[in-house]
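What follows is the residue order along each chain.
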Amino acid sequence: PSGRLHAFDLDPEAVKVGKKLMKEDPRFIIHHAPFSSMRKVLPMHGVSPGSVAGVLLDLGISSPQFDDTSRGFRPEADGPLDLRFDISKGMPASEFLKVV
């Protein structure tokens, strides 16, 4: 098979899992980037315009984000109010609410 799968994710934890998958299958590449960066990122990996056969967008929150109470996605769990997909950027929701 000559197909390739490029995954885009903002969550550093998901990217870490993706890097492990990359080692298992060279057809898979994970990008720590938003879906909106596909047009810029894919050509850097040899994907020419018009050659993409399909796109699948898995949007939303993942189970690991809900399971980790430090991420702040579960209102019924004790933990900080964060709500960021990419915890390396921006400010937690708790800080944002203090300044608005």
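See the structure printed just above.
None of the values given here were measured: they were computed from a predicted structure.

Enquirer: Would you mind going over the packing of aromatic side chains with me for this structure?
Expert: Centre distance and the angle of the planes are the two values used to describe a pair of aromatic rings. Scanning the entire structure with this criterion turns up one aromatic pair. A ring pair is formed by Phe73 and Phe85, whose centres lie 5.6 Å apart and whose planes are at 35°; its orientation type is tilted. Pair noted here: Phe73 is in the loop between helix H3 (63-67) and helix H4 (93-99) and Phe85 is in the loop between H3 and H4, with a separation of 12 residues, a long-range link. For Phe85, a relative accessible area of 33% puts it in the partly exposed group.

Enquirer: I keep staring at the nonpolar core and nothing clicks. Help me out?
Expert: When a protein is soluble and globular, its nonpolar side chains tend to lie buried together. Formed by Phe8, Ala33, Val41, Leu42 and Val47, the largest nonpolar core amounts to five residues. Val41 has contacts with Phe8 and His31, leaving out every residue within four places of it along the chain.

Enquirer: Quick question: what am I supposed to make of the pattern of salt bridges here?
Expert: Oppositely charged side chains can form a pair if their charged atoms are brought close together. By the definition in use, this model includes seven salt bridges. For Lys16, the salt bridge is made with Glu13, and the minimal N-O distance between the two is 3.5 Å. Residue Lys16 and its partner Glu13 are located together in helix H1 (residues 12-24), separated by three residues, close to a single helical turn. Here Arg27 makes a salt bridge to Asp25, at a shortest N to O gap of 2.8 Å.

Rules and cut-offs
- Residues numbered from 1 in each chain as written.
- Predicted model: local features only at pLDDT ≥ 70, side-chain atom pairs only at ≥ 80, totals over all residues.
- Heavy atoms only, no water.
- Phe/Tyr/Trp six-rings, centres within 6.5 Å; stacked < 30°, edge-to-face > 60°.
- Helix = DSSP H or I, 4+ residues; strand = E, 2+ residues; numbered from the N terminus.
- Buried < 20%, exposed > 50% of the residue type's maximum accessible area, 1.4 Å probe, protein only.
- Core = buried A, V, L, I, M, F, W, Y, C linked by side-chain atoms within 4.5 Å.
- Contact = heavy atoms within 4.5 Å.
- Salt bridge = Lys/Arg side-chain N within 4 Å of Asp/Glu carboxyl O.

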